[in-house]
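Chain residues, written in single-letter form:
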Amino acid sequence: MKLENYHLESHNSERLAKHERQLDFITSEISDAQSIIQKLVDFQIAIPSWALGTGGTRFGRFSSGGEPRNIEEKIEDVGLLHKLNGSSGAISLHIPWDTADNTNAIKALAAQHGLRFDAMNSNTFQDQPDQAQSYKFGSLQHVDKAVRKHAIEHNIEVIRQGVELGSKALTVWLADGSCFPGQLNFRKAFQNTLESLREIYAALPNDWKIFVEYKAFEPNFYSTTVGDWGQSLLYANKLGPKAYTLVDLGHHLPNANIEQIVSLLLMEEKLGGFHFNDSKYGDDDLTAGSIKPYQLFLIFNELVEGMDARGMDHREDLGWMIDASHNVKDPLEDLLQSVEAIMIAYAQALSVDRVALQDAQAINDVARCQEILQQAFRTDVRPLVAEARLRTGAALAPLEAFRTFKVRQELISNRGSKTVATGL
């Protein structure tokens, strides 16, 4: 399905008067509102190819119909999202799920939708058909060098495909670990993984980055070889200047202070990027901002402060991506909601009175510090986010537009009601 400009112009015209009243009020309350709006216009969040279909659990999966059946349709769906919100101008591919037969055609299609290719993602947590070496007991950590070699070669192939598409980064997430005490020698597993990562690192082009993702648990439940940000940072430091830690908001034990982790990684110049989602219990992969919106704001508060302190470009210097699973929602609606929540948290963080906060911190005025942050969090910045969309030609209310123009029904009509997106 293709949304035309006149669709969005019609949608926006019905909401413009109300939007302008709301915008006038918030711009009178926030002194640097125009600067915030421009930063919102510039900010882009990559959509992962695997999040365009219905998610599920080990107990079941219930398709919403009209899911993308190939990489071309995935690009078209991200193009729809970007048309609606103006903030989803990149797609992150997962290999081998998204291996392209005709790279030039795929690049041309992405360009038609105004999309670039974000970080490439390798897969060493699934055995592919006819795969001789199994990842059942790990990949880059495996006790068998032949399995490690197979996983290394796969990652190098992902880099090769990424170079052809114009990507500049590789994300490595490992399911490696152990389920029972005594199953694994922790030190040897770490050393094997480091040795494997070094071979992958050596294959990186000069202008590429490698993101080492961590996860506290699952699919292994006793130990994980890259189990927390400290272990990821160890790998990144040992690998070299092109290696960074990637933070997935769901990949932490309950009550972890993610905002402090972010601050310290920025300080060490080793924060590479984000996978945004939300959680109640563990790695739930829920809609960003749906459970802990204040935490999302606090994370962005540290991001904005830390990036500005180092003179970093908010759009270019970190990787921003969603990583979610949509068990009971329409995947595209869920992604629209996640992008909206991320943009709101970012706008709130941009509105924090930094000078006042630093002054209050300097005299240990704890109550004042809290009030400054909560004032920004409680401010309704949605008109700023909507105005940024309007200036890019996107929809004032993306989710409403999605439903008004019956996008899902059109996708089902074109693709069928029983389609299943590639991936998990």
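Look above for the structure.
This structure is a prediction, so every number in the text was calculated from the model and none was measured.

**Concerning the overall build of the chain**
At step 1: A tally of regular secondary structure across the chain gives 16 helices and 13 strands.
At step 2: Taken over the C-alpha trace, the chain has a radius of gyration of 22 Å; the compact-globule value for 424 residues is 22 Å, and the two agree within 12%.
At step 3: Expressed along its principal axes, the backbone C-alpha trace of the chain runs to roughly 65 × 60 × 40 Å.
At step 4: Positive and negative charge centroids in the chain, built from 42 and 56 side chains respectively, lie 3 Å apart.

**What to know about the nonpolar core**
At step 1: If you look at the biggest cluster of nonpolar residues, it comprises 112 residues, and the most contacted ones within it are Phe 274, Phe 300, Leu 303 and Leu 384.
At step 2: A total of 13 residues in this core trace back to one element, the largest contributor, which is helix H11 (residues 331-350).
At step 3: Residues within four places of Leu 384 in sequence aside, it is in contact with Leu 23, Ile 26, Thr 27, Ile 30, Ala 33, Ile 36, Ile 37 and Leu 40.

**Quick look at the pattern of salt bridges**
At step 1: One pass over the structure, following the stated rule, counts 21 salt bridges.
At step 2: Between Arg 389 and Glu 340 there is a salt bridge, and its shortest N-O distance comes to 2.5 Å. Here Arg 389, found in helix H14 (residues 382-391), pairs with Glu 340, found in helix H11; they are 49 residues apart in sequence, far enough to count as distant.
At step 3: For Arg 389, a relative accessible area of 6% translates into the label buried.

**Comments concerning the environment of Leu 264**
At step 1: By secondary structure assignment, the location of Leu 264 is in helix H9 (residues 258-267).
At step 2: With 135 residues separating them in the primary sequence, Leu 264 and Leu 399 have C-alpha atoms 36 Å apart.

**As for the packing of aromatic side chains**
At step 1: Summed over all chains, the structure comprises 17 aromatic pairs.
At step 2: Aromatic pair Phe 276 and Trp 320: ring centres 6.2 Å apart, planes at 15 degrees, arrangement stacked. Taken together, the positions of Phe 276 in strand E12 (residues 271-276) and Trp 320 in strand E13 (residues 319-322) put the pair 44 residues apart, joining distant regions of the chain.
At step 3: On the accessibility criterion, Phe 276 (0% relative accessible area) is buried.
At step 4: An aromatic cluster is defined as three or more aromatic residues linked by ring pairs; in this entry it consists of Phe 43, Phe 274, Phe 276, Phe 300, Trp 320 and Tyr 346.
At step 5: Taking NZ or CZ as reference, Lys 209 lies 5.1 Å from the ring centre of Tyr 244, over its face.
At step 6: A cation over a ring is seen here: Lys 242 above Tyr 201, with NZ or CZ 5.3 Å from the ring centre.

**Here's the deal with H11**
At step 1: Across its 20 residues, H11 extends 29 Å between first and last C-alpha, which sits within 8% of the 28 Å expected from 1.5 Å per residue.
At step 2: For H11, a buried count of 18 out of 20 residues is recorded, marking the element as mostly surrounded by other parts of the structure.
At step 3: Where H11 starts, the residue carrying a side-chain oxygen 2.8 Å from the main-chain nitrogen of Leu 332 turns out to be Asp 330.

**As for the sheet that holds strand E9 (residues 209-213)**
At step 1: Sheet architecture is open: six strands sit in the order E6-E7-E9-E11-E12-E13, paired in parallel fashion. Each edge of the sheet is formed by a strand with only one pairing partner; in this case those strands are strand E6 (120-121) and E13.
At step 2: The pairing of E9 with strand E11 (residues 243-248) spans four bridges and is parallel. Directly across from Val 212, in E11, lies its bridge partner Thr 245.
At step 3: The strands touched by H9 within the sheet are E11 and E12, with E12 carrying the most contacts at an inclination of about 155 degrees.

**Focus: the packing of H11 against H14**
At step 1: Where H11 contacts H14, the axes come no closer than 9 Å and their chain directions differ by 115 degrees. For H11 against H14, the interelement crossing comes out right-handed. Contact residues: H11 offers Glu 340, Met 343, Ile 344 and Ala 347, while H14 offers Arg 382, Val 385 and Arg 389.
At step 2: Residue classes in the contact of H11 with H14 are distributed as four nonpolar, no polar and three charged.

**Overview of the environment of Ala 360**
At step 1: Looking at where Ala 360 falls in the secondary structure, it is placed in helix H12 (residues 354-362).
At step 2: The spatial distance from the C-alpha of Ala 360 to the C-alpha of Gln 370 is 9.6 Å, given a sequence separation of 10 residues.
At step 3: Dropping the residues within four chain positions of it, Ala 360 is found in contact with Asp 365, Arg 368, Cys 369 and Ile 372.

**Comments concerning the sheet that holds strand E5 (residues 116-117)**
At step 1: The strand order E1-E4-E5 describes an open sheet built from three strands, whose pairing is parallel. Every other strand in the sheet has two partners, leaving strand E1 (47-48) and E5 as the edge strands with one partner each.
At step 2: As defined by bridge partners, strand E4 (residues 90-92) adjoins E5 across two bridges and the pair is classed as parallel. The partner of Ala 90 across the bridge, within E5, is Arg 116.

**Let's talk about the layout of surface pockets**
At step 1: Within this model, the second largest pocket holds a volume of roughly 1100 Å³.
At step 2: Only helix H2 (16-29), H11, H12, helix H13 (366-378), H14 and helix H15 (398-404) provide two or more residues apiece to the lining of the second largest pocket.
At step 3: The element that contributes the greatest number of residues to the lining of the second largest pocket is H13, accounting for seven residues.
At step 4: When the residues that make up the lining of the second largest pocket are grouped by side-chain class, the tally is 15 nonpolar, eight polar and 15 charged.

**Details of the side chain of His 275**
At step 1: Examined against the element boundaries, His 275 turns out to sit in strand E12.
At step 2: Judged by its relative accessible area of 2%, His 275 falls in the buried class.
At step 3: A distance of 3.4 Å separates polar atoms of two side chains, one belonging to His 275 and the other to Asp 323.
At step 4: Apart from residues lying up to four places away in sequence, His 275 is in contact with Asn 121, Thr 171, Glu 213, Leu 246, Val 247, Asp 248, Leu 249, Met 321 and Asp 323.

**Notes on the pairing of E13**
At step 1: Across the two faces of E13 the burial is the same, with Gly 319 and Met 321 and Trp 320 and Ile 322 all buried.
At step 2: Pairing between E12 and E13: four bridges, direction parallel. By the bridge assignment, Phe 276 is partnered in E13 with Ile 322.
At step 3: The β-α-β motif built from E12, the intervening helix H10 (residues 293-309) and the parallel element E13 has right-handed crossover chirality.

Calculation criteria
Residues numbered from 1 in each chain as written. Predicted model: local features only at pLDDT ≥ 70, side-chain atom pairs only at ≥ 80, totals over all residues. Heavy atoms only, no water. Helix = DSSP H or I, 4+ residues; strand = E, 2+ residues; numbered from the N terminus. Rg over C-alpha atoms; globule rule 2.2 N^0.38 Å. Lys, Arg positive; Asp, Glu negative; His and termini not counted. Charge placed at Lys NZ, Arg CZ, Asp CG, Glu CD. Core = buried A, V, L, I, M, F, W, Y, C linked by side-chain atoms within 4.5 Å. Buried < 20%, exposed > 50% of the residue type's maximum accessible area, 1.4 Å probe, protein only. Contact = heavy atoms within 4.5 Å. Salt bridge = Lys/Arg side-chain N within 4 Å of Asp/Glu carboxyl O. Phe/Tyr/Trp six-rings, centres within 6.5 Å; stacked < 30°, edge-to-face > 60°. Lys NZ or Arg CZ within 6 Å of the ring centre and 35° of its normal. Expected span 1.5 Å × (residues − 1). Polar contact = N/O pair within 3.5 Å; in protein donor to acceptor, adjacent residues only side chain to side chain. Pairing = 2+ DSSP bridges. Axes fitted to C-alpha atoms, helices over the stretch in contact; angles between N-to-C directions. Left-handed = near helix turned anticlockwise from the far one by under 90°. Nonpolar A, V, L, I, M, F, W, Y, C, P; charged D, E, K, R; others polar. 1 Å grid on protein atoms, 1.4 Å probe; cavity = no way out; pocket = protein on both sides within 12 Å on 5 of 7 lines; lining within 4 Å. Points joined across faces, edges and corners; volume = space filled by probe spheres on them. Right-handed = clockwise from strand over helix to strand, strands pointing away.

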